[in-house]
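So the chains spell out like this:
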Amino acid sequence: TALVPLRHYLQFSDFSADDYAYLFARAALIKKKFKAYEKHQPLADRTMAMIFEKASTRTRVSFEAGMYQLGGSVVHLTTGDSQLGRAEPIEDSAKVISRMVDLVMIRTYEQTKIERFAEHSRVPVINGLTNEFHPCQILADIFTYIEHRGSIKGKTVAWVGDGNNMANTWLQASEILDFKLHVSTPGGYEVDQAVAGIRSSESYKVFKDPMLACAGADLVTTDVWTSMGYEAENEARKKAFADWCVDSDMMKAAKPDALFMHCLPAHRGEEVQAEVIDGPQSVVWDEAENRLHAQKALMEFLLFGRL
Ligand code: CP
Ligand code: NVA
């Protein structure tokens, strides 16, 4: 198999609608093979370095298990047990690590950090979450939507809560995949088109009232009130976000067949009520599982292109 020109996945907008169509189809195929216990090992003898500067359950397990299933292996690094935590320049780390492995996945704070790493990397770099973006999650989320309801094009997605990394990524996705995003955040926690890096405001609409954002939605989604790295703001956020809790009234305002998603970890009684996340419209467990299948398609794609 021929290697393709170097490409990174640092934000959702790094790929086109056409790339996503391929990735969703490929993820479905890879998932089917996995369920049938069929061997699928195009990444035999390949290694991925996984760098975590923040905690993780899903991202670590899905990338690590996924890489093994594809025939490869991983090296797991954290800030505390590598020179990354002792101020070795990110550029030097990128030059060194990328001479030894075939792929790098990074979960860190500022997006600029992963960009600097990518600039000096010889191999594809994957964003495993930054303060600004979480593209692998939305890749899995939209794959999950398609599995349950078909194409997301022209549909309405309601985002209720913080204007955070997930919200920014949904904004990018709405522009690329041509669906409508309704965003409702408390004052002071709005999404910023410039941070999200989208060209126009055509694909999204801002609502003060989360109930109105949910009205007629095909998918309602939310996330924690306090993201990793913002723990000092926890108390202030709890007060500000009190009315941004997805409950059964919000789900009733959405379409009768609307789905509920949450990237997890969740806090029942804060951003979502148990009746919703554990209710019949919730697809959060499929969403989590699909991280595995979608990212296996992603890793293959970055190394070999369209197979
Ligand atoms: N959704 C998600 O990225 O979860 P982790 O923080 O557990 O990786
Ligand atoms: N917005 C959350 C997502 C966790 C997967 C955070 O950044 O902590």
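What counts, and where the lines are drawn
- Residues numbered from 1 in each chain as written.
- Chains lettered and ligands numbered in written order.
- Predicted model: local features only at pLDDT ≥ 70, side-chain atom pairs only at ≥ 80, totals over all residues.
- UniProt positions renumbered as here; feature names shortened; annotations may be inferred.
- Near = placed C-beta within 6 Å.
- Nonpolar A, V, L, I, M, F, W, Y, C, P; charged D, E, K, R; others polar.
- Domains from an automatic or database assignment.
- Pairing = 2+ DSSP bridges.
- Helix = DSSP H or I, 4+ residues; strand = E, 2+ residues; numbered from the N terminus.
- Axes fitted to C-alpha atoms, helices over the stretch in contact; angles between N-to-C directions.
- Contact = placed C-beta atoms within 7 Å.
- Parallel < 35°, antiparallel > 145°, perpendicular 65-115°, else oblique.
- Left-handed = near helix turned anticlockwise from the far one by under 90°.
- pLDDT = per-residue confidence, 0-100.
- Buried ≥ 20, exposed ≤ 12 C-beta atoms within 10 Å, placed from the backbone.

Under an unreviewed UniProt entry, the name given to the chain is Ornithine carbamoyltransferase, and the organism recorded is Polaromonas vacuolata. On record in UniProt, under Sequence similarities (unreviewed entry), the comment for the chain is "Belongs to the aspartate/ornithine carbamoyltransferase superfamily. OTCase family." As recorded by UniProt, the Catalytic activity (unreviewed entry) comment attached to the chain reads in full: "carbamoyl phosphate + L-ornithine = L-citrulline + phosphate + H(+)".

Quick question: what am I supposed to make of the site of ligand 1 here?
In the vicinity of ligand 1, the contacting residues are Ser56, Thr57, Arg58, Thr59, Leu129, Gln137, Cys263 and Leu264. Residues belonging to the shell around ligand 1 are distributed by class as follows: three nonpolar, four polar and one charged. Lining the shell around ligand 1 are residues from two domains, each supplying at least three of them: domain 1 (12–133 + 289–304) and domain 2 (137–287).

Can you walk me through the site of ligand 2 in this structure?
The local shell around ligand 2 consists of Leu129, Asn164, Asn165, Met166, Asp223, Val224, Ser227, Met228 and Cys263. Taken together, the residues of the shell around ligand 2 sort by class into five nonpolar, three polar and one charged.

Can you help me understand the sheet that holds strand 5 (residues 156–160) in this one?
Adjacent strands of a sheet form backbone hydrogen bonds with each other and so pair up, either parallel or antiparallel. Taken together, the five strands give an open sheet; going across it, the order is 7-6-5-8-9, and neighbouring strands pair in parallel fashion. What marks the edges here is a single partner per strand, and that holds for strand 7 (204–206) and strand 9 (259–262). Between one strand and the next, the sheet's axes are offset by a mean angle of 20 degrees, whatever the strand orientation. Note that strand 5 and strand 6 (residues 180–184) share five bridges and pair parallel. When the sheet's bridge partners are listed, Thr156 is paired in strand 6 with Lys180.

Help me understand the sheet that holds strand 1 (residues 47–52), please; the structure alone is not making it clear to me.
Taken in spatial order, the four strands line up as 2-1-3-4 in an open sheet, and their pairing is parallel. A single partner strand is all that each edge strand has here, and the edge strands are strand 2 (73–78) and strand 4 (125–127). Going from strand to strand, the sheet's axes swing by 20 degrees on average, the running direction of each strand aside. The strands touched by helix 2 (residues 58–69) are strand 1, strand 2 and strand 3 (103–107); relative to strand 1, the strand with the most contacts, the crossing angle is about 170 degrees.

Just checking my understanding: could you explain the domain arrangement of the chain for this structure?
Interfaces are often sized by the amount of accessible area the parts lose when they come together. Under the domain assignment, the chain is made up of domain 1 (12–133 + 289–304) and domain 2 (137–287). A straight line from the C-alpha centre of domain 1 to that of domain 2 covers 24 Å. Counting only elements with at least two residues in the side of domain 1 that touches domain 2, the list comes to helix 1 (17–35) and helix 12 (284–304). In terms of residue class, the side of domain 1 that touches domain 2 is made up of 12 nonpolar, four polar and five charged.

What's the story with unusual backbone geometry in this structure? I'm lost.
Excluding glycine, a negative phi dihedral is what most residues carry, and trans is how most peptide bonds are arranged. In this chain, Leu264 is followed by Pro265 through a cis amide linkage whose omega measures 5 degrees. Relative to the helices and strands, Pro265 resides in the loop between strand 9 and helix 11 (274–277). For Ala87, which is not glycine, the phi torsion reads 70 degrees and is therefore positive. Mapped onto the fold, Ala87 is located in the loop between strand 2 and helix 3 (90–97). In this model, Leu129 sits at a positive phi of 120 degrees, which is unusual for a non-glycine residue.

Where do I start with the packing of helix 5 (residues 135–149) against helix 12 in this structure?
The geometry of a pair of packed helices is captured by two quantities: the angle between their axes and the separation between those axes. One can describe the packing of helix 5 onto helix 12 by two numbers: an axis separation of 8 Å at closest approach and a directional angle of 110 degrees. The orientation of helix 5 with respect to helix 12, classified from their angle, is roughly perpendicular. By crossing handedness, the relation of helix 5 to helix 12 is classed as right-handed. Together, Cys136, Leu139, Ala140, Asp141, Phe143 and Thr144 of helix 5 and Asp286, Glu287, Asn290, Arg291, Ala294, Gln295 and Leu298 of helix 12 make up the contact between the two elements.

Help me out: how do you make sense of the confidence of the model for the chain in this one?
Detailed reading of predicted coordinates is not advised where the pLDDT is low. Taken residue by residue, the chain gives an average pLDDT of 97. The fraction at 70 or more is 99%. Scored as a complex, the prediction yields pTM 0.98 and ipTM 0.99.

Please clarify how the environment of Val183 should be interpreted in this entry.
Take Val183: it is sitting in strand 6. Residue classification places Val183 among the buried residues on the basis of 22 C-beta atoms within 10 Å. A C-alpha to C-alpha distance of 4.8 Å links Val183 and Val206, two positions 23 residues apart in sequence. Those residues in contact with Val183, other than ones at most four positions away along the chain, are Trp159, Ala167, Val191, Tyr204, Val206, Phe207 and Ala213.

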